[in-house]
Every structure is written in structure tokens, then in C-alpha cells.
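Letter by letter, the chains look like this.
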Amino acid sequence: MICRSSLLAKSVARSISNSGFRRLASTKSLKETLQEVIPVKQEQLKKLKAEHSQAVVGEVKVENILGGMRGLKAMLWEASVLDPNEGIRFHGMTIPDCQQVLPPAPGGKEMTAESMLWLLLTGKVPTPDQSHQLSAELAEKGELPHFVTQLIDSLPKTLHPMTQLGMGVAALNHDSKFQAAYERGIKKPEYWTYTLEDCLNLIAKLPALAARIYRNVYHPERSLESVDKNLDLVGNYSNMLGFGQNEHLTEYLRLYIALHGDHEGGNASAHTAHLVGSTLSDPYISYSAALFALAGPLHGLANQEVLRWQMAMQKEIGDNITHENIKDYLWKTLRSGQVVPGYGHGVLRNPDPRFVALQEFCKTRPELQASPIIQLVQQTAEIAPDVLKEHGKVCVPVCNWSNSADAILKTKNPYPNVDATSGCVLYHYGLTEFKYYTVIFGVSRALGALTQLVWARALGLPLERPKSYSMDALQKLIKN
């Protein structure tokens, strides 16, 4: 449980300070801060190569090759590490740590996307002034070029929102600073500066792009708000979606987007961005590829599937919501050969700290505590783990969820992941268009994926090229 008492706040702040995560006393910009941090990381990489390049960190089994490379230690990813038992850490900081020290928006309580982005990029906690300075910088860059608005407006409203988002991001490549600099000839040590510029431009424009898609597909009768230079990134996003007056949803989106910003590098969308980026494709091309990975049912669609399942449960059991009725519905789902969506995770073996954080948000909001769907989520989370343990099976798919009975394996984690609640809160606050939920995920995941592109260029990471085998070649290798 996440406690927000002043005693814990002081304890966490002291712990973070002692660990080296101190607020910067200066008002240095994001780029200036990176210019200080990058040489230290470059030296660390140089030392790793010189002293430990032949160190063994794991083994490769046939099951790894046949099982989607699950669990292989094969990527360098600076911003976050996912521990199976503790959950995600951002430069060593837990989610409660981040909630205590990352600056909120003016008048808000939840950490902003900008403060999380600063932490992911630099490993340092920004001051409120630095966070607000970054908000202002992104707002200045936030408007879409005319040719992109024309492109998005020309697309049929029946085209999936994620397809439109990927197309819009790819089209922004027209103005790539990195591509232009590379074509005219720049030195490798300069790659990261142009990559950073593209990444910030893309993050700045994602709210306007995503909001335009939402308007075109679901509410073509509405006018679109312009980027407000006085708002933070998510404040503008909420406003352009048409929910600017809903402070509760805006705060929830701030928390949601910060929490979903990065989840280490092995997930499909993050890995795709890194892989394509390793070819020196610019950030727009690289992240558009990541978005199309995120659009797959085994990756970014999980929270909408949870919501469908919870609403189907709600419809079947009606107003008589008891532990016994929920338990019966869980068993009905499992005995039909389906999985319980929102439970289990490809890496985690304990409750997802992101789920815990979102549940704590719900507990502070009377309107959410009174919501039937949120109550059902909370009660299901209390009952489902024991049912899944008793059943002895749980879904452990490529990401968080699969509708395939083949994905049901022996219980490794019967606990709720972040998707068990995230979509249900959006639905309660009036953002009811299921297909759009992955777009919000796409706006969020840019924080981590684009951070890694900057660091890949700063560290001079090479083109990714793993070795592959056919089954015949694999069998021959085993025999030898």
C-alpha cells in the first residue's frame, strides 16, 4: 500500500537523497543537464567494455529461442529495470519514490509527464522550475504542421486510431532535424543532440496528434482547442480531448502517462523502437514502428479487454455483487478455456506496483469509490489471486494478456497487473471509446522509448543483429 503520510515522505526523500537522487539546485535546461551526465555514462560504458566484455551474464536455452526470447539478458536499456518481485524502477527509484519527489503540475498533485521524462533522460529529479520550464518548451513546440493535419483529416474515420497515430508520427519525419543533419554530414558525437531535438519535438506534438484523431473518429462535430502555452503536456492533452474541465480525469491521465512511460526495453514496442533506431532511422520513423507493435492484441490492447470482461461480469451478476458471485464468474471464465484478463505478467511475479498506484488514486477519489465498475475491479482483485492459485493456471503471454487457451500456463503470477484497472477508470470519467485507449498508451510510452534513442546515440550503440537458427540447424547444433 502506498502511504502518503508526511513521515514516509520525509523517509523517502531522505533515502533518495542518500542514494544520489538529489534535486538540482540550478535551473539548468534539460540539454545542459544531459551534457553533464552523458560523459559519465560514456566512461562507464568504456570501462564495462574494457574490464568485463567477456563476463557471462546468463545462458541461452532452446526454450528461450522457441519462446520469444523471453528472459534473455540481451539489451542495454538505461532508464528503467523491471525486477520480477519489486516491479519497475526508474534509475533505481520505485513508483512511490517518484510520486513523492517528482514535481506535479501547478495546482495538481500527481507527477507530470515532463518530470518523469526528465528523470528518465538524466537520472536526476528536476526542480519544479525545471519541470515547468520543460512544459513551456514542449508547449511551444506542440502545434502540428499543416501537412500533418491535412493527412489526418483526410483519413476515413473507420481507420483504427492506432493506424492513424502511427501514420501521423511517421509523417512528422518530414521535419526531422536528425535526418537533415545526417544527410549534410555530422560527427557521431553530435548524433544525440539532433536526436534529442527530434524526440522533444515528437513528444510535444503527440497530444495534438492524438487529440485530433480522437475528435475526427468519435466527435467530428467538436472544435479542437489549440495548444495552451500555460499548460503542461497532459493538461493540454486532456483539454484538446474535450475534458479540460474535468480535473479528476486530467490528474488521472498525468499519473497514467507517467506510470506507463517506461517498462524497460524488452517489451515489444520499446524493443521495436530500439531496433529500428539502431539502423539510425530518425525518432519519428523509429517510434512509428513502435506504435504499430503496440497496436497488437498481445501488447497494447490489454486494458480494453479487461474492461470488456469486467462489464460482461457486471451485466451477468447484476446489482447483487458478492464475493461468491465474482468467484463463480472467475471459475466460469477459466472453465470455458479463457484467461482472466488483467492478471499475470510476462516478467512480474508479485502485484504490479502500477496497479497499486492506480488503486491508491481511486481510493482518494469519492466519485471513483462510488463507481460500480471500480468497486467491481477492487473486489475482483481481492478474489482472483486465490482462484487462479487454486486453478493452478494463469495467463503469462508476450505482454499482459492473450485470448488464446494455449497461453494458459502454470501459475507464475496470479496477481493483477496495471491493465486490471487502468481502462476502467478512463471509462468512469467519460472516455468510453475502447479502441482509443491504446492511443493514450502510445502517447505515454514515447517517454521511455524516445529516451533510449537519445542514449543509444550518446553511447554509440551499434546496429542490433542477433543470430537466428532454423529448426534443422538448431537440432544439428544440439547434437554437436
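J.: So what's going on with the overall build of the protein chain? Residues and values would help.
T.: Counting its secondary structure elements, the protein chain contains 22 helices and 4 strands. Relative to the 2.2 N^0.38 estimate, which gives 23 Å for 480 residues, the radius of gyration of the protein chain is 22 Å and therefore close to what a compact globule would have. Along the first, second and third principal axes, the C-alpha set of the protein chain runs to 65 × 65 × 55 Å. Residue pairs at least 24 apart in sequence account for 76% of intrachain contacts in the protein chain once pairs closer than 6 positions are excluded. Per element, the accessible surface of the protein chain, about 21,700 Å² overall, is 53% carbon and sulfur.

J.: Describe the packing of aromatic side chains, with residues and values.
T.: In total, this model carries 11 aromatic pairs according to the counting rule given. Ring plane angle 50° and centroid distance 6.1 Å describe the contact between Tyr252 and Tyr256, whose orientation is recorded as tilted. Note that Tyr252 and Tyr256 are positioned in helix H12 (residues 247-259) at a spacing of 4 residues, about one turn of the helix. Taking the centre distance of 5.9 Å and the plane angle of 25° together, the rings of Phe434 and Tyr437 count as stacked. Tyr437 shares its class with Phe434; the two are buried. Here the aromatic residues Phe178, Tyr182 and Tyr191 are joined through ring pairs into a cluster of three or more. In this structure, Lys467 packs its charged tip against the face of Tyr469, placed 5.4 Å from the ring centre.

J.: An account of the state of the cysteines is needed here, citing residue identities and associated values.
T.: Disulfides are covalent bonds that connect the sulfur atoms of two cysteines. Taken as a whole and judged by the stated rule, the model has 0 disulfides. Free cysteine: Cys362, not disulfide-bonded; nearest cysteine sulfur from Cys424 at 9.0 Å.

J.: Break down the confidence of the model for the protein chain for me, citing the residues and quoting the values.
T.: Residues with a pLDDT of 70 or more make up 90% of the protein chain, whose mean pLDDT is 90. Residue range residues 1-25 is modelled with pLDDT below 50. Its contacts to residues more than four positions away, or to other chains, number 39 contacts. pLDDT under 50 marks residues 393-410. Its contacts with residues more than four places away, or in other chains, come to 63 contacts.

J.: Which residues make up the pairing of strand E2 (residues 87-90), and what are the values?
T.: Pairing between strand E1 (residues 80-83) and E2: 4 bridges, direction antiparallel. Note on E2: the bridge partner recorded for Leu82 is Ile88. Hairpin remark: E1 followed by E2, antiparallel, with 3 residues in the connecting loop.

J.: Help me get a handle on helix H19 (residues 372-391), residues and values and all.
T.: With 20 residues, H19 should cover 28 Å at 1.5 Å per step; its first-to-last C-alpha distance of 27 Å lies within 8% of that length. Its maximal kink placed at Ile383, H19 deviates by approximately 35°, while the proline Pro385 follows within four residues. Among the residues trailing H19, Gly392 stands out with phi positive, at a value near 80°.

J.: Before we move on, can you summarise unusual backbone geometry with the specific residues and values?
T.: Residues apart from glycine generally show negative phi values, whereas peptide bonds are mostly found in trans. Of note in this structure, His91 is not a glycine but carries a positive phi near 50°. Mapped onto the elements of the fold, His91 is located in the loop between E2 and helix H4 (95-101). On the basis of relative accessibility, which here comes to 14%, the residue His91 falls in the buried class. With a phi close to 70°, Leu280 is a non-glycine residue in the positive phi region. The class for Leu280 is partly exposed, based on a relative accessible area of 27%.

J.: How would you summarise the side chain of Glu114 if you had to cite specific residues and measurements?
T.: Structurally, the position occupied by Glu114 is in helix H5 (residues 113-122). We note that Glu114 is buried and unpaired, the nearest opposite charge coming from Arg254 at a distance of 6.8 Å. Discounting chain neighbours no more than four positions away, the residues touching Glu114 are Ser131, Leu134, Ser135, Leu138, Asp232 and Leu233.

Rules used in this analysis
- Residues numbered from 1 in each chain as written.
- Predicted model: local features only at pLDDT ≥ 70, side-chain atom pairs only at ≥ 80, totals over all residues.
- Heavy atoms only, no water.
- Helix = DSSP H or I, 4+ residues; strand = E, 2+ residues; numbered from the N terminus.
- Rg over C-alpha atoms; globule rule 2.2 N^0.38 Å.
- Contact = heavy atoms within 4.5 Å.
- Areas by Shrake-Rupley, 256 points an atom, 1.4 Å probe, with all protein chains shown as cover.
- Phe/Tyr/Trp six-rings, centres within 6.5 Å; stacked < 30°, edge-to-face > 60°.
- Buried < 20%, exposed > 50% of the residue type's maximum accessible area, 1.4 Å probe, protein only.
- Lys NZ or Arg CZ within 6 Å of the ring centre and 35° of its normal.
- Disulfide = S-S within 2.5 Å.
- pLDDT = per-residue confidence, 0-100.
- Pairing = 2+ DSSP bridges.
- Expected span 1.5 Å × (residues − 1).
- Bend = angle between axes of the 7 residues up to and from the residue.
- Lys, Arg positive; Asp, Glu negative; His and termini not counted.
- Salt bridge = Lys/Arg side-chain N within 4 Å of Asp/Glu carboxyl O.

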